[in-house]
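# Summary of structural features
Here is what each chain is made of, one letter per residue.
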Amino acid sequence: MSVIYARVALIGLGLIAGSMAHAMRRAGLAGEIVGTARSAETRKIAGEIGLCDRVVDTTAEAVRDADLVVLAVPVGIMGAVAAEIAPHLAPGATLTDVGSVKQDVIAQVGPHLTDGIHFIPGHPLAGTEHSGPRSGFAELFDNRYVLLTPPEGTDPSATAKLRALWEGCGANVEEMDPDHHDLVLAVTSHTPHLIAYTMVGVADDLRRVTDSEVIKYSAAGFRDFTRIAASDPTMWRDVFLSNKEATLEILGRFTEELFALQRAIRTGDGDHLHAYFTRTRAIRRGNIEAGQDTDAPDFGRIGQRKDGPAE
Ligand SMILES: NC(=O)c1ccc[n+]([C@@H]2O[C@H](COP(=O)([O-])OP(=O)(O)OC[C@H]3O[C@@H](n4cnc5c(N)ncnc54)[C@H](O)[C@@H]3O)[C@@H](O)[C@H]2O)c1
Ligand SMILES: O=C(O)C(=O)C[C@]1(C(=O)O)C=C[C@@H](O)C=C1
């Protein structure tokens, strides 16, 4: 593959930026990769492991003459970082982000945009529970979705170039409205993380009355289900504060269903439990039998639920 951007600036050097650097290098997509991070320790590690061609100390230095700038920091500080870099962006540069929430990031970054900058928000639907400059790897985006939410009027050639970069990194790219994105992700990613964090908290509370046996003997189900509770607390604090409305909507629906199951258990309503598990198993298995990537969200079904009645 050939070079798509002559100079790419990565702001934030954690899991996602690091994986982008590895993936861009694997396919030779960037002429030069320049990176920076807030902490001197992160910059030092990034320099030692050769994550970028150049690691610099300031965001202003990083974005100078870059034709693509990627904001890869927690969503709560996207606006502050955008304000910092705005005066230093090269005319005609593309600015994107990888944040897990889209409407709030757009609201934060929008006021700092100057004429001639192409702002194309994005979100790779790929990650792990690890973070920091050592956690990235080239294969992270292979066969995963990247959602782009270009605002109306975005130059199609700028979007096409960013799409080509992500495809070169191994991803399948789709475009989506930011509000729809935030609702879909509240279902498929944000609320599940909240539930996993909560379940670990419950197990830890119980540990005190069971002499650590809960964690020691935790079965595969608990381990699989709570892997994501080892994820970065800053990232997830910001996600919930940024995607407040959609997360509260889905959490409301979740607790309603949970109360119905709780009542069925209390009243011994086995028919209700069996019918519920039969339906949800069929939904989950349906994805598998259709040969789809079971980790990918079902945009169609969730999309319909947005405007339709609660099921
Ligand atoms: N982890 C995931 O699974 C995942 C998946 C998709 C998208 N995202 C999104 O990607 C973004 C980055 O997440 P990550 O997992 O790579 O996080 P990370 O914690 O691995 O890396 C974040 C980086 O941002 C840097 N940083 C923090 N504040 C900064 C500032 N003010 N200026 C410059 N650098 C700063 C940190 O030093 C670190 O290098 C987040 O917005 C997150 O929502 C994460
Ligand atoms: O696999 C994981 O560890 C993840 O949590 C990745 C995950 C997800 O929920 O699917 C987390 C946050 C993102 O914004 C995108 C991907």
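Just so it is clear, the structure is predicted and the values come from calculations on it, not from any experiment.

The next subject is the site of ligand 1. Every one of the 28 residues lining ligand 1 counts as a neighbour, but Gly12, Gly14, Ser100, Gly127 and Ser131 are closest to it. Elements represented by at least two residues in the shell around ligand 1 include exactly α1 (15–27), β7 (122–124) and α10 (233–242). Per-element tally for the shell around ligand 1: the top contributor is α1, with three residues. Considering only residue class, the shell around ligand 1 consists of 16 nonpolar, ten polar and two charged. Residues from two domains meet in the shell around ligand 1; each of domain 1 (5–176) and domain 2 (180–307) gives at least three.

So, about the domain arrangement of the protein. A common measure of how large an interface is: the accessible area buried when the components associate. In terms of domain boundaries, the protein breaks down into domain 1 (5–176) and domain 2 (180–307). Between domain 1 and domain 2, the C-alpha centre-to-centre distance is 29 Å. Contacts between the two partners involve 16 residues from domain 1 and, on the opposite side, 19 residues from domain 2. Grouping the constituent residues of the side of domain 1 that touches domain 2 by class yields six nonpolar, seven polar and three charged.

Attention shifts here to the site of ligand 2. Taken together, Ser100, Leu125, Ala126, Gly127, Thr128, Glu129, Ser189, Ile228 and Ser231 are the residues near ligand 2. A per-class count over the shell around ligand 2 returns three nonpolar, five polar and one charged.

Attention now goes to helix α2 (residues 40–49). Every buried residue of α2 is accounted for by Thr42, Arg43 and Ala46. Axial view of α2: buried residues confined to an arc of 100 degrees, hence all on one face. Away from the buried face of α2 by more than 90 degrees, exposed residues Ala40, Glu41 and Glu48 are located. Structurally, α2 contributes buried residues whose contacts are with β2 (30–36) and β3 (54–55). Positioned one or two residues after α2, Gly50 has a phi angle of 65 degrees, which is positive.

It is characteristic of soluble globular proteins that their nonpolar side chains tend to be buried jointly. If you look at the biggest cluster of nonpolar residues, it comprises 62 residues, and the most contacted ones within it are Val8, Ala9, Leu10, Ile11, Val69 and Val70. Setting aside residues up to four positions removed in sequence, Val8 forms contacts with Met24, Ala30, Ile33, Ala66, Leu68 and Val70. Within the second largest apolar cluster, seven residues are counted, among which are Val184, Val187, Ala246 and Ile250.

Take the confidence of the model for the protein next. Mean pLDDT over the protein: 91, with 89% of residues reaching 70 or higher. Taken together, the stretch residues 290–311 has pLDDT below 50 and engages in 17 contacts with residues farther than four places along the chain or on a different chain. Overall fold confidence for the complex sits at a pTM of 0.91, while the interface term, ipTM, reaches 0.97.

This part takes up the sheet that holds strand β1 (residues 5–11). Strand order in the open sheet formed by six strands is β3-β2-β1-β4-β5-β6, with parallel pairing between adjacent strands. The open sheet terminates on both sides in strands that have one partner only, identified here as β3 and β6 (118–119). Direction of pairing for strand β5 (residues 94–97) relative to β6: parallel, over a ladder of two bridges. Bridging from a neighbouring strand, Leu95 pairs with Phe119 of β6. Each of β1, β2 and β4 (68–71) touches α1; the most contacted strand, β2, lies at about 160 degrees to it.

Reading guide: rules and limits
- Residues numbered from 1 in each chain as written.
- Chains lettered and ligands numbered in written order.
- Predicted model: local features only at pLDDT ≥ 70, side-chain atom pairs only at ≥ 80, totals over all residues.
- Near = placed C-beta within 6 Å.
- Helix = DSSP H or I, 4+ residues; strand = E, 2+ residues; numbered from the N terminus.
- Nonpolar A, V, L, I, M, F, W, Y, C, P; charged D, E, K, R; others polar.
- Domains from an automatic or database assignment.
- Contact = placed C-beta atoms within 7 Å.
- Buried ≥ 20, exposed ≤ 12 C-beta atoms within 10 Å, placed from the backbone.
- Arc of directions from axis to C-beta.
- Core = buried A, V, L, I, M, F, W, Y, C linked by C-beta atoms within 7 Å.
- pLDDT = per-residue confidence, 0-100.
- Pairing = 2+ DSSP bridges.
- Axes fitted to C-alpha atoms, helices over the stretch in contact; angles between N-to-C directions.

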